[in-house]
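# Coordinates in review
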Amino acid sequence: MTTKAVTTRRNGKANATVKTEVKEKLTQKSIGLEIQNLNIEKVVPDQMQPRKTFNELLLKELSESIEKHGVLQPITVRKSKNDYVIVMGERRYRASKLAGKKTIPCFVREYESDVILEIQIIENLQRQDVEPTEEADAIAYLSEKYASTEIAKRLGRSDNFIRQRLKLAGLIEGFKGFVRKGEMTISLGVGVALFEPEEQQLMLETMGEEFSAHQINRMIKNQTYDLEKAPFDVEDKKLVSKAGACTMCPFKAANQGNLFGNGKMVCTKSSCYESKKNKSFLNLIEKSKKENVLLIPEIRKYWADDERNQLVISQLEKNGLKVYLLDDVEIIEKPIKPTLEAIKEEYRNYDYNEDELKEALEEAIKTYNEELEKYNSATANGFRNGIVFHPESYLHKEVFVKLIEKSKKESEVRSVPLSNRKMDDCTPDEQIIKINEREMRKKQIENNRLFEEVVGMIRETTYIETKKTLSTDEMVAFSISLYENNVDYFSQQKYFSRLLGDTSKMSKVEIVENFKKKFKKEIFHKLIRYMLTKQVHFGESNHVNNLTNISFYNAIQGYHKTKITDIEKQYIEKRDIREERLKARIAVLEKEIKELTA
């Protein structure tokens, strides 16, 4: 839906007249209006009214008020053939019907047909309880006639708010239902609305029947790109001529109202971004061939057989380039001159004073000068121009490179630990070991990511709000979490030496399963009681001024009441003696005051 700002400017006078008329009608500044008490059965809602939802609880509260005090503000209606159609005040009308009213006070007005809907829209949008998707559709209707800045002024809203609602209007009906139910936040709805309806429909079908904010966020993240990290010039109009420059593209989020943060450039057209990224990579290959520059992918031999890396390597080979990996070359990058601000940022977690920061800066400048000298003399030392690029993002930087000469003797290679040895320098048996170790590491990384994703998904569900009692698995999880993260080594030996049993021959998964089999609620309770004794606060906190301490003090009364009372008595006795002395001292001072004022 396009805002016709140019047309608005050209027809400024005509539009200004309409706007004035609407304002007068909305504020009821016209002269000569009379209130008519009409039969409520003769008054009907407008079927074209953009507002469709009403809060039942608030409606009931209003009906109770109307029952006691009547309708304090008349509604506005227009005469139809056999009845009166509501222009403004449908909520008061509904509440009056609930209250059992037979008549309702009305202003009867005549309206031109083309401004009735506009009046209803603006009247509704100025309320506080407008349903967001209805609000978005209404603002989209107004945008056919007015610029977004004018709508913002009329409604007393920011320009960014209007742009976001205009974007929300582009959300497909399947997602709008989730917004209405409160399952989907407005910001997430706007994020989804950035995509074409076909893409939204695919996201909806991928998600399934139950709404999952985590899954939707993942899909948005996978289909959006940070243009500040693009491997190509976002102002280049010719890279992909049909697409033009990213800075002017309607699919750049910053052009739609800072939806991802103030001024942040995010692309929401994945196919276009990928086209430009691939084209920039092909341009990089052409530059390498034309200027005789070594093109080095950021890949080590250890990961060379990874599927994604293999695609990049094969693409370089198909274009006639000899492939060198990071292990094959020595690289010199242009050093960045350090600043005091950069040093402060680097050491922000250290308690450094100004002198220490200056000392660190001096050391950094010394290192910089050494690296700069090495960089400036690179060509004299046998280095040549090169470009290093990331195999996934294609982000690249110009460097100096030199091929490493393979002149090591076999005995020197064998003296290197297997873990540090390159695959080409290993025997077949050693290669099998390294391949298996590599696969184990890949599984570890996959499990790390899987677990992180599951936890992220759970945190966005209503799991925490679940009203069921804790299951055995949950108590097992909480017990192990407390034991592993909160019980120190000495306490483990003193109180919980048999908690996990003999774990010497068990895997981590087996340890948990074994613990679950032998689990008793007494173990859970023991850990809780241990934590209660450890989580109290000392210093200026005590059993009458700190919530944690007060609750703990109350809890232990049922176990050691007598011992607690004995300790309290000792303090009470001391306090009583001290207070008696204070009273005597104050009495003497008060007597002196009387003598001085006599």
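Everything numeric here is computed off the predicted structure, so don't read it as measured data.

### A closer look at the overall build of the protein chain
The helix and strand tally for the protein chain stands at 23 helices and 11 strands. Counting only residues that meet the buried cut, the protein chain has 35% of its 598 residues in that class. Taking all contacts inside the protein chain whose residues are at least 6 apart in sequence as the whole, residues at least 24 apart take part in 67%. For the protein chain, the exposed surface amounts to about 40,000 Å²; the carbon and sulfur share of it is 51%.

### So, unusual backbone geometry
Phi at Asn292 is positive, roughly 55°, even though this residue is not glycine. Tracing the sequence through the fold places Asn292 in the loop between helix H13 (270-291) and strand S8 (294-297). Look at Asn292 and you get exposed, because its relative accessible area is 57%. In the Ramachandran plot, Tyr394 falls in the positive-phi region, its phi being about 65° despite a non-glycine side chain. Topologically, Tyr394 is positioned in the loop between strand S10 (384-389) and strand S11 (396-403).

### Overview of helix H7 (residues 148-155)
For H7, the buried fraction is high: 6 of the 8 residues fall into the buried class. Restricting attention to buried positions, one finds in H7 the residues Ser148, Glu150, Ile151, Ala152, Arg154 and Leu155. Looking one or two places after H7, you find Gly156, whose phi comes out positive at around 70°.

### Section: a nonpolar patch on the surface
A grouping of Leu450, Val454, Ile458, Tyr463 and Ile464 is seen on the molecular surface, where their side chains present a nonpolar patch of about 490 Å² in accessible area. You can see Val454 is positioned in helix H18 (residues 428-459). For Val454, a relative accessible area of 38% puts it in the partly exposed group.

### Overview of the packing of helix H11 (residues 197-207) against helix H12 (residues 213-222)
Two numbers describe how H11 lies on H12: the axes approach to 10 Å, and their chain directions differ by 140°. One way to sum up the angle between H11 and H12 is to call them oblique. When the axes of H11 and H12 are compared, the crossing they make is right-handed. Contacts between H11 and H12 pair Met203, Thr206 and Met207 from the former with Gln215, Ile216, Met219 and Ile220 from the latter. Looking at side-chain class alone, the contact of H11 with H12 contains 5 nonpolar, 2 polar and no charged residues.

### Brief notes about the nonpolar core
Taken as a class, soluble globular proteins show a tendency for nonpolar side chains to be buried jointly. In this structure, Phe175, Met184, Val192, Met203, Met207 and Ile216 are the most contacted members of the largest nonpolar core, which totals 21 residues. Looking at this core, the elements that each hand over two or more residues are helix H9 (173-180), helix H10 (186-193), H11 and H12. Here this core takes 4 residues from H10, the largest share from any one element. Excluding residues that lie within four positions of it along the chain, Ile216 makes contacts with Phe175, Leu188, Val192, Met203, Met207 and Phe211. Counting residues in hydrophobic clusters, the runner-up holds 17 residues, among them Ile86, Tyr93, Ala99 and Ile104.

### So, the pattern of salt bridges
Evaluated as defined, the whole model comprises 13 salt bridges. In this structure, the salt-bridge partner of Arg94 is Glu90, at a minimum N-O distance of 3.0 Å. Pair noted here: Arg94 and Glu90 are both in helix H4 (residues 90-98), with a separation of 4 residues, about one helical turn. Assessed through its relative accessible area of 33%, Arg94 is described here as partly exposed.

### A closer look at helix H16 (residues 354-376)
Compared with an ideal rise of 1.5 Å per residue, which puts 23 residues at 33 Å, H16 spans 32 Å between its outermost C-alpha atoms and is within 8% of the ideal. What H16 keeps buried is the set Leu357, Ala360, Leu361, Tyr368 and Tyr375. Considering only its buried residues, H16 is in contact with strand S9 (329-332), helix H15 (340-346) and S11. A distance of 3.1 Å separates the backbone nitrogen of Asp355 from a side-chain oxygen at the start of H16, and that oxygen is part of Asn353.

### Side note on the packing of helix H6 (residues 132-142) against helix H8 (residues 159-168)
Helix-helix packing is described using two parameters, namely the angle between the two axes and the distance between the axes. Two numbers describe how H6 lies on H8: the axes approach to 8 Å, and their chain directions differ by 100°. In terms of their interaxial angle, H6 and H8 are classed as roughly perpendicular. Residues Pro132, Thr133, Glu135, Ala136, Ile139 and Ala140 of H6 touch H8, and the partners they reach there are Phe161, Ile162, Arg165, Leu166 and Leu168. Looking at the contact of H6 with H8 residue by residue, the class counts come to 8 nonpolar, 1 polar and 2 charged.

### Some thoughts on the sheet that holds S9
Picture the strands of a sheet paired through backbone hydrogen bonds; they go either parallel or antiparallel. Taken together, 4 strands build an open sheet; the order of strands is S8-S10-S11-S9 and the sheet is mixed. Across the chains shown, the open sheet's two edge strands, defined by having one partner strand only, are S8 and S9. Averaged over all adjacent pairs, the angle separating strand axes in this sheet is 45°, with direction ignored. Summarising the sheet, S8 and S10 pair through 4 bridges and their orientation is parallel. Its bridge partner lying in S10, Leu294 is registered against Gly386.

### Structural notes on the environment of Ser212
One can find Ser212 in the loop between H11 and H12. Residue Ser212 is classed as buried on the basis of its relative accessible area of 18%. In sequence terms Ser212 and Ile458 are 246 residues apart; their C-alpha atoms lie 10.0 Å from each other. Polar contacts involving the side chain of Ser212 include one to the main-chain amide nitrogen of Gln215, which spans 3.1 Å.

### Here's the deal with a negative patch on the surface
Residues Asp351, Glu354, Asp355, Glu356, Glu359, Glu362, Glu363, Glu370, Glu371 and Glu373 make up a contiguous surface patch of negative charge. As for its placement among the helices and strands, Glu363 is situated in helix H16. What makes Glu363 partly exposed here is its relative accessible area of 48%.

### Thoughts on the packing of aromatic side chains
For the structure on display, the rule yields 14 aromatic pairs. Relative to Tyr530, the ring of Tyr495 lies with its centre 6.0 Å away and its plane at 55°, an arrangement referred to as tilted. Separated by 35 residues along the polypeptide, Tyr495 in helix H20 (residues 489-495) and Tyr530 in helix H22 (residues 521-534) bring together distant segments of the chain. Exposure remark for Tyr495: the relative accessible area of 39% places this residue in the partly exposed category. On the numbers, 5.7 Å between centres and 85° between planes, the contact of Phe496 with Tyr530 is edge-to-face. Within this pair, whereas Phe496 is found in the loop between H20 and helix H21 (508-517), its partner Tyr530 is found in helix H22, the two being separated by 34 residues in sequence.

Conventions and cut-offs
- Residues numbered from 1 in each chain as written.
- Predicted model: local features only at pLDDT ≥ 70, side-chain atom pairs only at ≥ 80, totals over all residues.
- Heavy atoms only, no water.
- Helix = DSSP H or I, 4+ residues; strand = E, 2+ residues; numbered from the N terminus.
- Buried < 20%, exposed > 50% of the residue type's maximum accessible area, 1.4 Å probe, protein only.
- Contact = heavy atoms within 4.5 Å.
- Areas by Shrake-Rupley, 256 points an atom, 1.4 Å probe, with all protein chains shown as cover.
- Patch = residues over 30% accessible without salt bridge, like charges linked within 9 Å, V, L, I, M, F, W, Y side chains within 5 Å.
- Salt bridge = Lys/Arg side-chain N within 4 Å of Asp/Glu carboxyl O.
- Axes fitted to C-alpha atoms, helices over the stretch in contact; angles between N-to-C directions.
- Parallel < 35°, antiparallel > 145°, perpendicular 65-115°, else oblique.
- Left-handed = near helix turned anticlockwise from the far one by under 90°.
- Nonpolar A, V, L, I, M, F, W, Y, C, P; charged D, E, K, R; others polar.
- Core = buried A, V, L, I, M, F, W, Y, C linked by side-chain atoms within 4.5 Å.
- Expected span 1.5 Å × (residues − 1).
- Polar contact = N/O pair within 3.5 Å; in protein donor to acceptor, adjacent residues only side chain to side chain.
- Pairing = 2+ DSSP bridges.
- Lys, Arg positive; Asp, Glu negative; His and termini not counted.
- Charge placed at Lys NZ, Arg CZ, Asp CG, Glu CD.
- Phe/Tyr/Trp six-rings, centres within 6.5 Å; stacked < 30°, edge-to-face > 60°.

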